[in-house]
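Now for the letters of each chain:
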Amino acid sequence: MDSSLPSGSAPSFVFSDGLRKSEKYADLVRRYNSITADKRGSGKSGATQTKVQESQKQSKSPNGRNNDVAKASGRASSETDLPHAEVGKVCLRFAPEPSGYLHIGHAKAALFNKYFAEKYEGRLIIRFDDTNPAKESNEFVDNLLKDIKSLGIVCSDTDVTYTSDYFPQLMKMAEDLIQQGKAYVDDTPKKQMKEERRDGIESKCRNISVDENIKLWKEMIAGSEKGVMCCLRGKLDMQDPNKSLRDPVYYRCNRMPHHRIGSKYKLYPTYDFACPFVDSMEGITHALRSSEYHDRNAQYHRIQGDMGLRKVHIYEFSRLNMVYTPLSKRILRRYVQDGKVDGWDDPRFPTVQGIVRRGLKIEALIQFILEQGPSKNLNLMEWDKLWTINKKIIDPVCPRHTAVIAERRVLVTLLGGPEKPFVRIIARHKKYEGAGKKCITYTKRIWIDHADAEAISPDEEVTFMDWGNVIIKTIEKDEAGDATHLTGVLHLDGSVKTTKLKLTWLPESDELIKLSLLEFDYLITKKKLEKHELENNEEFDKVARPCTRKETLALGDSNMRNLKHGEIIQLERKGYFRCDVTYLRPSKPVVLFAIPDGRQQSVLR
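Residues numbered from 1 in each chain as written. Predicted model: local features only at pLDDT ≥ 70, side-chain atom pairs only at ≥ 80, totals over all residues. Heavy atoms only, no water.

Caption draft 1: Examining the overall build of the protein chain more closely. Scanning the protein chain from N- to C-terminus turns up 18 helices and 27 strands. Looking at the protein chain as a whole, 52% of its 605 residues are labelled buried. If you take every contact in the protein chain between residues at least 6 apart in sequence, the share linking residues at least 24 apart comes to 72%. About 28,000 Å² of surface is accessible on the protein chain, with carbon and sulfur atoms providing 49% of the total. (Helix = DSSP H or I, 4+ residues; strand = E, 2+ residues; numbered from the N terminus. Buried < 20%, exposed > 50% of the residue type's maximum accessible area, 1.4 Å probe, protein only. Contact = heavy atoms within 4.5 Å. Areas by Shrake-Rupley, 256 points an atom, 1.4 Å probe, with all protein chains shown as cover.)

Caption draft 2: Quick look at the sheet that holds strand β12 (residues 400-401). Pairing is mixed in the open sheet, where seven strands are placed in the order β12-β25-β26-β27-β23-β24-β13. Each edge of the open sheet is held by one strand with a lone partner, namely β12 and β13 (403-405). Relative to strand β27 (residues 590-595), strand β23 (residues 513-520) is paired through four bridges, and the arrangement is parallel. Looking at β27, one finds that Leu518 is bridged to Phe593. Seen against the sheet, helix α15 (residues 383-394) touches β25 (568-571), β26 (575-581) and β27 and runs at an angle of roughly 120° to β27. (Pairing = 2+ DSSP bridges. Axes fitted to C-alpha atoms, helices over the stretch in contact; angles between N-to-C directions.)

Caption draft 3: How the structure looks around the nonpolar core. One finds Ile104, Leu151, Leu365 and Phe368 to be the most contacted residues of the largest nonpolar core, which totals 53 residues. The dominant element in this core, judged by the number of residues it contributes, is helix α5 (residues 104-119), at nine residues. With 30 residues, the next largest nonpolar core counts Trp217, Leu236, Phe277 and Met307 among its residues. (Core = buried A, V, L, I, M, F, W, Y, C linked by side-chain atoms within 4.5 Å.)

Caption draft 4: Layout of the environment of Gly494. Within the element layout of this structure, Gly494 appears in the loop between β20 (483-491) and β21 (502-503). Classification of Gly494 as buried rests on a relative accessible area of 17%. Considering only alpha carbons, one finds Gly494 and Val470, 24 residues apart in sequence, at a separation of 8.2 Å. Among residues more than four places away in sequence, those in contact with Gly494 are Glu461 and Asn469.

Caption draft 5: Focus on α15. Over its 12 residues, α15 extends 17 Å from the first C-alpha to the last, a length consistent with the 16 Å expected when each residue adds 1.5 Å. By the burial criterion, the buried members of α15 are Trp383, Asp384, Leu386, Trp387, Ile389, Asn390, Ile393 and Ile394. (Expected span 1.5 Å × (residues − 1).)

Caption draft 6: The arrangement of unusual backbone geometry in detail. In this model, Glu121 sits at a positive phi of 55°, which is unusual for a non-glycine residue. By secondary structure assignment, the location of Glu121 is in the loop between α5 and β2 (123-128). A positive phi angle is found at Asp459, which is not glycine, with a value near 65°. Summarising the element assignment, Asp459 is placed in the loop between α16 (450-455) and β18 (461-464).

Caption draft 7: Representation of the packing of helix α7 (residues 167-179) against helix α10 (residues 271-281) in the model. Orientation of α7 relative to α10, taken along the N-to-C sense of each, is 110°, at an axis distance of 11 Å. Judged by the angle between their axes, α7 and α10 are roughly perpendicular. Counted together, Gln169, Leu170, Met173, Ala174 and Leu177 of α7 and Phe273, Ala274 and Phe277 of α10 form the full contact between these two elements. Partitioning the contact of α7 with α10 into residue classes produces seven nonpolar, one polar and no charged. (Parallel < 35°, antiparallel > 145°, perpendicular 65-115°, else oblique. Nonpolar A, V, L, I, M, F, W, Y, C, P; charged D, E, K, R; others polar.)

Caption draft 8: Main features of the sheet that holds strand β1 (residues 91-94). Strand order across the open sheet formed by three strands is β1-β2-β3, with parallel pairing between neighbours. Taken across any chain shown, the strands that pair with only one partner, and hence form the sheet edges, are β1 and β3 (160-162). Each neighbouring strand pair of the sheet contributes to a mean axis angle of 35°, computed without reference to strand direction. In terms of strand pairing, β1 meets β2 through four bridges, oriented parallel. Note on β2: the bridge partner recorded for Phe94 is Ile126. Contacts from α5 reach β1 and β2 within the one sheet, and its direction differs from that of β1 by about 165°.

Caption draft 9: A look at the environment of Glu567. Assignment of secondary structure puts Glu567 in the loop between β24 (549-556) and β25. Glu567 sits in the buried class, given a relative accessible area of 17%. Sequence separation between Glu567 and Pro399 is 168 residues, and the spatial gap between their C-alpha atoms is 9.2 Å. The residues contacting Glu567, other than those within four sequence positions of it, are Pro399, Arg428, Asn562, Phe577, Arg578 and Cys579.

Caption draft 10: Geometry of the packing of helix α14 (residues 362-372) against α15. In the contact formed by α14 and α15, the axes pass within 9 Å of each other and the chain directions differ by 130°. For the element pair α14 / α15, the angle class is oblique. With respect to the hand of their crossing, α14 and α15 are arranged in right-handed fashion. On α15, the residues that touch Glu363, Ala364, Leu365, Gln367, Phe368 and Glu371 of α14 are Lys385, Leu386, Ile389, Asn390 and Ile393. Its residues assigned to classes, the contact of α14 with α15 shows six nonpolar, two polar and three charged. (Left-handed = near helix turned anticlockwise from the far one by under 90°.)

Caption draft 11: How the structure looks around the side chain of Thr443. As for its position among the elements, Thr443 is in the loop between β16 (437-442) and β17 (445-448). With a relative accessible area of 7%, Thr443 lands in the buried category. Within polar-contact distance, the side chain of Thr443 engages the backbone oxygen of Arg445 at 2.7 Å. Once residues lying within four places of it in the same chain are set aside, the contact partners of Thr443 are Leu414, Pro418, Pro421, Trp467, Pro507 and Glu508. (Polar contact = N/O pair within 3.5 Å; in protein donor to acceptor, adjacent residues only side chain to side chain.)

Caption draft 12: Focus on the pattern of salt bridges. Across all of its chains, the model carries 41 salt bridges by this definition. Where Arg408 meets Asp482, a salt bridge forms, and the shortest distance between an N and an O atom there is 2.8 Å. Here Arg408, found in the loop between β13 and β14 (410-415), pairs with Asp482, found in the loop between β19 (468-477) and β20; they are 74 residues apart in sequence, far enough to count as distant. Classification of Arg408 as partly exposed rests on a relative accessible area of 45%. (Salt bridge = Lys/Arg side-chain N within 4 Å of Asp/Glu carboxyl O.)

Caption draft 13: Representation of the packing of aromatic side chains. The final tally for this structure, using the stated rule, is 22 aromatic pairs. For the ring pair Tyr442 and Trp467, a centre distance of 5.0 Å and an interplane angle of 80° mean the geometry is edge-to-face. One end of the pair, Tyr442, is in strand β16; the other, Trp467, is in the loop between β18 and β19, with 25 residues separating them in the sequence. Its relative accessible area of 1% is what places Tyr442 among the buried residues. Plain terms: the ring middles of Trp467 and Trp505 are 5.1 Å apart, the flat faces sit at 45° to each other, and that makes the pair tilted. Placement of Trp467 in the loop between β18 and β19 and of Trp505 in the loop between β21 and β22 (506-507) is noted, with a sequence separation of 38 residues between them. Note on Trp467: relative accessible area 14%, which makes it buried. Under the relative-accessibility criterion, Trp505 is labelled buried at 5%. (Phe/Tyr/Trp six-rings, centres within 6.5 Å; stacked < 30°, edge-to-face > 60°.)

Below you can see the structure in the form of structure tokens.
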């Protein structure tokens, strides 16, 4: 399998040792090493290259690993180094909220954490930020762990934690801050509070006594009628130009049971309060955050300071945004709840399970993300690049099969054709023996696509793939001028080099398999959503694409009754497909999902 990078390109940063040693992605690593070796060797004599190799060997630590992987690659960059990081002392965390499935943006964050943890021989903690029981569930926890594992991130039980494990300590810290005058309970209505924060107006509750704050805090703990009207806010700086420092909310009441601990608590910490606390308590040395949180970095460190905790270094990288793709879990959840998609693994979704179900190989996703590097520049990526990488991985190995579109298919009668059907066994992939064998049945009457029949002229010689040449003698048409039946003469001595049309075909046979070919479109009509479209359902609905799924019925060769669930094939001259529903009985079609190949236009003829 040749999982090659685009010609002439070099990835933005190096593979970690974990990926280098992984048998699962051996071909990807092999191609990567080939390209980086070419880059390093360009313009250098053999002696120079030998010196570089010797220098790299000398720079290795006693355990045999390079101290600086980036330098060893010959392409050191400040963007591939963590500030204040020491080998063997780095601890990172990937902290998804269990309120949805892992999507392509989360995958970037997860892989960067894995990369740096391996580079510095450190530890990676998977922590579920489970502080909002209204949106979270064990289903999401289980599927996030499944998706994280699919990315090659293997964690032991001790490497998986939950913010809810720290609820008692967080409650105590909140009460300590109240006692120190660094937090207060506020019953200001939410809309008014938002306006006051915007305008830098202090709440009427900001300077109430500690005793009164403790009394109200206990009402919040009890989830009383008075308590649920309140929230706990940090007393930071209402005049700070950075509005995230204008007394952010630390705790809110929520009477809904928690998916792990039931109804023990009636109030829950916000991400802004819990994250800096748990990061410090778990020994995190570097918190990787996307640049959308940049304005909140000062808040993160201010809260850690008020708590009297060790400072955690923040490392920023750009959020991964894809064209025509909503990544907001609120929007994706609405699609699921409204029944507009089949679930979180719908092939139109940007979730890892969704794009894998559509036909993406995990190797392609890893390569796509690592090629970008941990840049801090905001970018809007095209799906075409990802699907092009995927094609280079699947094309060398996926089996070839044949399908004819059922509607308006045209029968061809071959004069001199076989009076009795006969069968030949040929390779499913002419250049890859591992794809196995398939049977082809040759008959006197065969089916071809209507579009192909329309492209043929009388007396034209065409090639029927895996058989030979045929000279088309007559073309019968209906009143509308559409071809309905062709008659041809086999000319197996003819050269395929002389024909313009190379056509796929199927025998007229009861053994053909019914197919449902499904093609998917983008969920939205705009490359990038504006803020008001992300936050307002009515505005979003204006840019939501009304039709995103197209079904085409077809007939497939009899070998397709043996396709396995998830198997990727190429329907010759039609494109790549992933088998989503296997053969059960003649009346029920095999369901194939069309896999984009980076060319944008429809794959269905």
